[in-house]
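Listed below, chain by chain, are the residues.
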Amino acid sequence: MLVASKSAAAALVLLLCSCSRSHTPTVQAATAQPSSDSGARMRRELRLSGTVQAVHFFTIQVPQIYGQGGRLTLTHLIPNGSRVKAGDILAEFDSTQQMDTVRDTQAKYDDLSHQVDQRLAQNRADAAKRAVALQQAQADLSKAQIELQKGPLLGEIDRLENQVKAADAKAHVESLQKSNGFHDQSDAAALRILELQRDRQKVALERATNNVNKMQIRAPLAGMVAYENVWRNNSMGHPQEGDQLYSGQPLVRIFDPSSMAVHVMVGEPDGAVLAPGSRAVVRLDAYPDLAFSARFESANPVASSALGSPIKTFSAMFKLDQTDPRLLPDLSAAVVIDRPEAAQ
């Protein structure tokens, strides 16, 4: 009986322990519920690379000199970064050869002008002499015709002589009238040739004078001066006084720093974000801490692709809203545009 009571007590203890043990809860993964606002959207950035350019700028080139090849010697150049107004002198070139050409051309033009005046006076004198000779011949003809009217009163020999004299006078008048016309045409042609030579020399003089004026380059607009790179001493560098440069080489650039923009190349698939009024943030690679706000200004309507590339691109311009002394042309920049994308 004692053994049975101990067994019952042990069973009772086990039963109480099992009843007091806590159960471990089962954890189920909660499914994320979509937002109640079906129009919620995420923001996605589009990053474009481009270069800073001035909206208003002008490139000054080495002047084109008429009738002269070779190089021009730079004698004066405004310092880089200078502020200029319209009409200020930017650069000067050696004009010694052009001045010599002007003097020679002026001397030839003056000589031809004197020849024209001399020929005109000579033509007038010759025309006056021919007019006097024609008047004298016409007077002789009139006299011979009067003598012919005396025919019934004169003898046969005198009458025949008067007829011969009248015929000769008439032929002389006709000959003078005909030859005078030819002489007038010849004199006018000779005068015209000299006038054409004079006018041609005048054009050459104007061109030579323009060449001298081109040796001094003035600013076409107000702004800041930035040197261009030229080929000098077997390398690329900024132009310096004393350099010999070829005509047509870029020399300096004048730009308006108060209005700057960034030119970028945009892939055709990303063209949808360039809507009127689109905003962007511009950061300069040279100054990472600087940030400028910009707005979409314009885009090229024609897209093109490189050889073998399936993606076409087009150029676009973003105009900056702020100005900064460190904003200079040809600086590389990044344009970041926020565009909405539908949530997946």
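Just so it is clear, the structure is predicted and the values come from calculations on it, not from any experiment.

## Points about the overall build of the chain
Right, on to step 1. Counting its regular elements, the chain contains three helices and 16 strands.
Right, on to step 2. The 344 residues of the chain split such that 29% are buried.
Right, on to step 3. A separation of at least 24 residues holds for 78% of the contacts in the chain among residues at least 6 apart in sequence.
Right, on to step 4. For the chain, the accessible area works out to roughly 22,800 Å², and carbon and sulfur atoms hold 54% of it.

## Digging into the pattern of salt bridges
Right, on to step 1. In the structure shown here, the tally under the stated rule is twelve salt bridges.
Right, on to step 2. One salt bridge in this structure joins Asp187 and Arg119, with 3.4 Å as the shortest N-O distance. Highlighted residues: Asp187 in helix α3 (residues 156-214) and Arg119 in helix α2 (residues 96-148), separated in sequence by 68 residues.
Right, on to step 3. One connected set of salt bridges, linked through shared partners, spans Arg119, Arg130, Asp184 and Asp187.

## Remarks on the pairing of strand β11 (residues 250-255)
Right, on to step 1. The element β11 is largely enclosed, with a buried count of five among its six residues.
Right, on to step 2. One ladder, built from five bridges, connects strand β2 (residues 57-61) with β11; its direction is antiparallel. Looking at β11, one finds that Phe58 is bridged to Ile254.
Right, on to step 3. Pairing geometry for strand β7 (residues 223-227) and β11, over four bridges, is antiparallel. For Met224, the partnering residue across the bridge sits in β11 and is Phe255.

## A look at the sheet that holds strand β5 (residues 89-93)
Right, on to step 1. Strand order in the open sheet formed by four strands is β6-β5-β3-β10, and the pairing between neighbours is antiparallel. For this open sheet the edge positions go to β6 (216-218) and β10 (244-246), each flanked by a neighbour on one side alone. Within the sheet, the average angular offset between the axes of one strand and its neighbour, ignoring direction, is 40°.
Right, on to step 2. Here strand β3 (residues 71-77) pairs with β5 via three bridges, running antiparallel. What sits directly across from His76, in β5, is Glu92.

## Some words on the nonpolar core
Right, on to step 1. Counting 28 residues, the largest nonpolar core has Leu274, Phe318, Val335 and Ile337 as its most contacted members.
Right, on to step 2. Every element with two or more residues in this core is listed here: β1 (41-54), β7, β12 (260-267), β13 (279-284), β14 (291-299), β15 (313-320) and β16 (332-342).
Right, on to step 3. Aside from chain neighbours lying at most four places away, what touches Leu274 is Val266, Phe296, Phe314, Ala316, Phe318 and Ile337.
Right, on to step 4. Membership of the second largest hydrophobic core comes to 21 residues, among which are Ile78, Val84, Phe93 and Met215.

## Side note on the environment of Gly248
Right, on to step 1. You can see Gly248 is positioned in the loop between β10 and β11.
Right, on to step 2. Accessibility expressed as a relative area gives 24% for Gly248, which makes it partly exposed.
Right, on to step 3. Sequence separation of Gly248 and Val62 is 186 residues, and the distance between their C-alpha atoms is 5.0 Å.
Right, on to step 4. Sequence-distant contacts of Gly248, defined by excluding residues within four places in its chain, comprise Gln61, Val62 and Gln64.

## Describing the side chain of Gln201
Right, on to step 1. With respect to the element layout, Gln201 can be found in helix α3.
Right, on to step 2. Ignoring any residue separated from it by four or fewer positions in sequence, one finds Gln201 in contact with Thr105, Lys108, Tyr109 and Leu112.

## Thoughts on the packing of aromatic side chains
Right, on to step 1. Considering all chains together, one arrives at one aromatic pair under this definition.
Right, on to step 2. One residue, Arg207, lies across the ring of Tyr66, its end atom 4.1 Å from the ring centre.
Right, on to step 3. Across from the ring centre of Tyr287, 5.5 Å away, lies the NZ or CZ of Arg326, which sits over that ring.

## Describing the pairing of β12
Right, on to step 1. The buried fraction of β12 amounts to six of the eight residues, a majority that puts the element mostly inside the structure.
Right, on to step 2. Relative to β15, β12 runs antiparallel, the two sharing seven bridges. Paired with Val266 across the strands is Phe314, a residue of β15.

## Quick notes on the confidence of the model for the chain
Right, on to step 1. Scored by pLDDT, the chain comes out at a mean of 82, with 83% of its residues at no less than 70.
Right, on to step 2. Confidence, expressed as mean pLDDT per element, reaches its minimum in the chain at helix α1 (residues 2-20) with 45 and its maximum at β5 with 94.
Right, on to step 3. Taken together, the stretch residues 1-41 has pLDDT below 50 and engages in four contacts with residues farther than four places along the chain or on a different chain.

## Details of the packing of α2 against α3
Right, on to step 1. Viewed as axis vectors pointing N to C, α2 and α3 meet at an angle of 170°, and their least axial separation amounts to 8 Å. In terms of orientation, α2 lies roughly antiparallel with respect to α3.
Right, on to step 2. Its residues placed into classes, the contact of α2 with α3 shows 24 nonpolar, 18 polar and 14 charged.

## A word on the environment of Gln64
Right, on to step 1. Secondary-structure assignment places Gln64 in the loop between β2 and β3.
Right, on to step 2. With residues near it in sequence (within four places) discarded, Gln64 still touches Lys214, Ser247 and Gly248.

Cut-offs applied
- Residues numbered from 1 in each chain as written.
- Predicted model: local features only at pLDDT ≥ 70, side-chain atom pairs only at ≥ 80, totals over all residues.
- Heavy atoms only, no water.
- Helix = DSSP H or I, 4+ residues; strand = E, 2+ residues; numbered from the N terminus.
- Buried < 20%, exposed > 50% of the residue type's maximum accessible area, 1.4 Å probe, protein only.
- Contact = heavy atoms within 4.5 Å.
- Areas by Shrake-Rupley, 256 points an atom, 1.4 Å probe, with all protein chains shown as cover.
- Salt bridge = Lys/Arg side-chain N within 4 Å of Asp/Glu carboxyl O.
- Pairing = 2+ DSSP bridges.
- Axes fitted to C-alpha atoms, helices over the stretch in contact; angles between N-to-C directions.
- Core = buried A, V, L, I, M, F, W, Y, C linked by side-chain atoms within 4.5 Å.
- Phe/Tyr/Trp six-rings, centres within 6.5 Å; stacked < 30°, edge-to-face > 60°.
- Lys NZ or Arg CZ within 6 Å of the ring centre and 35° of its normal.
- pLDDT = per-residue confidence, 0-100.
- Parallel < 35°, antiparallel > 145°, perpendicular 65-115°, else oblique.
- Nonpolar A, V, L, I, M, F, W, Y, C, P; charged D, E, K, R; others polar.

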